[in-house]
Amino acid sequence: MSQTERDIHYMKLAMDMAAKAEEKGEVPVGAILVKNDEVISAGFNFCIGSHDPSAHAEMQCLRQAGKVIENYRLLDTTLYVTLEPCAMCAGAMVHSRVSRLVFGASDAKTGAAGTVIDLVRHSAFNHQLEVTQGVLELECAEQLSQFFRRRRKEKKALKQQQKLSASPE
């Protein structure tokens, strides 16, 4: 299997994790950590349910991986994530020495792997990651877009319902 085929395979697994986040009412972002062609850990956004602003998919995945391999250094690993990491997650990847980052959709607001800022390849740091972006980009972006479209529609319906129930009869 070529590297491109492997990247697509693992990104699909990350998208499955994002779907699990959405099932729980979370923003659908998923992550998979791979070492030697084996999935070491997986995570999905769980900020809302855990009341934890650091419970991003990448952070969940990195925490689990550290426990699995019993080391906070995640050498020779590749992290697959459906959305470009934020600064917090990018920093954690640098500190944990993830070797490679593969992400689907770019994040124009908080992307820290090249879109807004590039923390994972910053020359001032003692570790830089190899980055592959845009793997299943359209599919990953659409997964997020559908979620936010549905949420806006639900909010609009709720506002209309509240408006109707508040009007005098």
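Residues numbered from 1 in each chain as written. Predicted model: local features only at pLDDT ≥ 70, side-chain atom pairs only at ≥ 80, totals over all residues. Heavy atoms only, no water.

1. Side note on the sheet that holds strand β1 (residues 30-35)
Let me state the cut-off plainly: A pair of strands is treated as paired once DSSP finds two or more bridges between them. Starting at the N terminus, helices and strands are each numbered in turn, a helix being any DSSP run of H or I of at least four residues and a strand any DSSP run of E of at least two. To define axes, lines are fitted to C-alpha atoms, for helices over the stretch in contact only, and angles between the resulting N-to-C directions are given on a 0 to 180 degree scale. The contact criterion used throughout is that any non-hydrogen atoms of two residues lie within 4.5 Å.
Spatial ordering of the open sheet is given by β2-β1-β3-β4-β5, a layout of five strands whose pairing is mixed. Either end of the sheet is taken by a strand with one partner, and the two such strands are β2 (38-44) and β5 (130-133). Put simply, the sheet's adjacent strands are angled 15 degrees from each other on average, direction ignored. In the sheet, β1 pairs with β2 via six bridges, with the strands oriented antiparallel. From the neighbouring strand, Gly30 faces β2, where its bridge partner is Phe44. On top of the sheet, helix α1 (residues 3-23) reaches β1, β2, β3 (77-83), β4 (100-105) and β5; it is set at about 55 degrees to β3, its chief contact.

2. Let's talk about the packing of α1 against helix α5 (residues 137-166)
As a reminder of what qualifies: Working rule for angles: under 35 degrees goes down as roughly parallel, over 145 as roughly antiparallel, 65 to 115 as roughly perpendicular, anything else as oblique.
At their nearest, the axes of α1 and α5 sit 10 Å apart, and the two run at 10 degrees to each other. If you check the angle between α1 and α5, you find them roughly parallel. Seen from α1, the contacting residues are Met11, Met15, Ala18, Ala19 and Glu22; seen from α5, they are Glu139, Cys140, Gln143, Phe147 and Arg150.

3. Some thoughts on the UniProt feature "active site" (unreviewed entry) in the protein chain
We count it as follows: UniProt positions are given in the numbering used here, feature names are shortened, and annotations may be inferred rather than shown by experiment.
Here, the residues flagged by UniProt with the feature "active site" (unreviewed entry) are Glu58. Mapping Glu58 onto the fold places it in helix α3 (residues 57-69). Every residue in contact with Glu58, bar those within four places of it in the chain, is listed here: Ala31, Leu79, Val81, Leu83, Pro85, Cys89 and Met93.

4. Thoughts on α1
Short version of the rule: Between the first and last residue of a helix there are one fewer steps than residues, each counted as 1.5 Å, and that sum is the expected span.
Look at α1: 30 Å from first C-alpha to last across 21 residues, which is about the 30 Å you get at 1.5 Å a residue. Elements in contact with the buried residues of α1: β1, β2, β3, β4, β5 and α5. At the exit of α1 stands Gly25, carrying a positive phi of roughly 80 degrees.

5. A word on the UniProt feature "domain: CMP/dCMP-type deaminase" (unreviewed entry) in the protein chain
If you check UniProt for "domain: CMP/dCMP-type deaminase" (unreviewed entry), the listed places come out as residues 5-116 in our numbering. Helix makes up 41% of residues 5-116 and strand 23%, and the two end C-alpha atoms of the span are 28 Å apart.

6. Quick notes on the pairing of β3
The following threshold applies: Buried residues are those whose accessible area, probed at 1.4 Å on protein chains only, stays under 20% of the maximum for their type, while exposed residues exceed 50% and partly exposed ones sit between those limits.
With seven of seven residues buried, β3 lies mostly within the body of the structure. As paired strands, β1 and β3 are joined by five bridges and run antiparallel to one another. The residue bridging Lys35 from the neighbouring strand is Thr77, located in β3. Across five bridges, β3 lies against β4 in parallel orientation. Residue pairing for β4: Leu83 is matched across the bridge by Ala105.

7. Let's talk about the side chain of Thr77
If you trace the backbone, Thr77 turns up in strand β3. A relative accessible area of 2% places Thr77 in the buried class. With residues up to four places along the chain from it excluded, the contact list for Thr77 reads Leu33, Val34, Lys35, Val98, Ser99 and Arg100.

8. Quick notes on the packing of aromatic side chains
Spelled out, the test is: Paired rings are identified among Phe, Tyr and Trp, the last through its six-membered ring, by centres lying within 6.5 Å, and are further divided according to the angle between planes into stacked (under 30 degrees), edge-to-face (over 60) and tilted (the rest).
In the structure shown here, the tally under the stated rule is three aromatic pairs. With a centroid separation of 6.3 Å and 85 degrees between ring planes, the pair formed by Phe44 and Phe46 is classed as edge-to-face. Classification of Phe44 as buried rests on a relative accessible area of 16%. Residue classification places Phe46 among the partly exposed residues on the basis of a relative accessible area of 27%.

9. Considering helix α4 (residues 87-96)
Every buried residue belonging to α4 is among Cys89, Ala90, Ala92, Met93, Val94 and Ser96, and all of these are buried. Tucked into the core, α4 has its buried residues touching α3, β3 and β4. Directly after α4, the chain includes Arg97, whose backbone phi takes a positive value near 65 degrees.

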